[in-house]
Amino acid sequence: MEGFFTWEMLLTYSGATLATTLLTQLFKEIKPVSHIPKRLLSYIIALLLITGSTIAARGFSLSDTAMGFVNAAVVALASNGAFDAVKEERGTRGE
């Protein structure tokens with residue numbers, strides 16, 4: 001493995017979900033984007049990741065770009081659900 005992520009890895013469900021979760025947590029408190037609702041921010045990040053990695057790995061295609069909007073919704077929802085589950089688990093352990 002040459003690096004943590006590859007374009008092909010970002011095209012997988014698990015790779016896109018992990019990257020979306022990490023980038024959302026990294027950017028959510030930065031001033032220019034802190035006013036954006038977190039679920040919308042994760043969708044934007046997922047859309048950029050999926051579209052960018054698709055173009056980098058396969059080139060531009062209108063059909064791939066259109067599917068990117070749907071896939072980004074799936075990835076963003078999974079990312080939000082995974083983070084909420086971790087947050088909830090941490091909250092119950094502290095009680």
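Look above for the structure.
Predicted model, so just to flag it, every value in this text is computed and none were measured.

Let us now look at a nonpolar patch on the surface. A cluster of nonpolar side chains, contributed by Phe4, Phe5, Met9, Leu18 and Leu22, occupies part of the molecular surface with about 520 Å² of accessible area. As for its placement among the helices and strands, Leu22 is situated in helix α2 (residues 13-27).

In this fold, Thr54 is placed in helix α4 (residues 38-58). Owing to a relative accessible area of 9%, Thr54 belongs among the buried residues under this scheme. Side-chain polar atoms of Thr54 contact the backbone oxygen of Ile50, separated by 2.7 Å.

If you check α4, its first and last C-alpha atoms are 30 Å apart, about what 21 residues at 1.5 Å a residue would give, namely 30 Å. Every buried residue of α4 is accounted for by Leu41, Ser42, Ile45, Ala46, Leu47, Leu49, Ile50, Ser53 and Thr54.

On to the nonpolar core, then. Of all hydrophobic cores here, the largest spans 7 residues; its members are Ala16, Ala46, Leu47, Ile50, Ala72, Val75 and Ala76. For this core, the secondary structure elements donating two or more residues are α4 and α5 (62-93). Apart from the residues lying within four places of it in its own chain, the contact partners of Leu47 are Gly68, Phe69 and Ala72. Core analysis: the next-biggest nonpolar cluster, separate from the first, contains 6 residues, Leu10, Ala19, Leu41 and Leu49 among them.

Conventions we followed
Residues numbered from 1 in each chain as written. Predicted model: local features only at pLDDT ≥ 70, side-chain atom pairs only at ≥ 80, totals over all residues. Heavy atoms only, no water. Patch = residues over 30% accessible without salt bridge, like charges linked within 9 Å, V, L, I, M, F, W, Y side chains within 5 Å. Areas by Shrake-Rupley, 256 points an atom, 1.4 Å probe, with all protein chains shown as cover. Salt bridge = Lys/Arg side-chain N within 4 Å of Asp/Glu carboxyl O. Helix = DSSP H or I, 4+ residues; strand = E, 2+ residues; numbered from the N terminus. Buried < 20%, exposed > 50% of the residue type's maximum accessible area, 1.4 Å probe, protein only. Polar contact = N/O pair within 3.5 Å; in protein donor to acceptor, adjacent residues only side chain to side chain. Expected span 1.5 Å × (residues − 1). Core = buried A, V, L, I, M, F, W, Y, C linked by side-chain atoms within 4.5 Å. Contact = heavy atoms within 4.5 Å.

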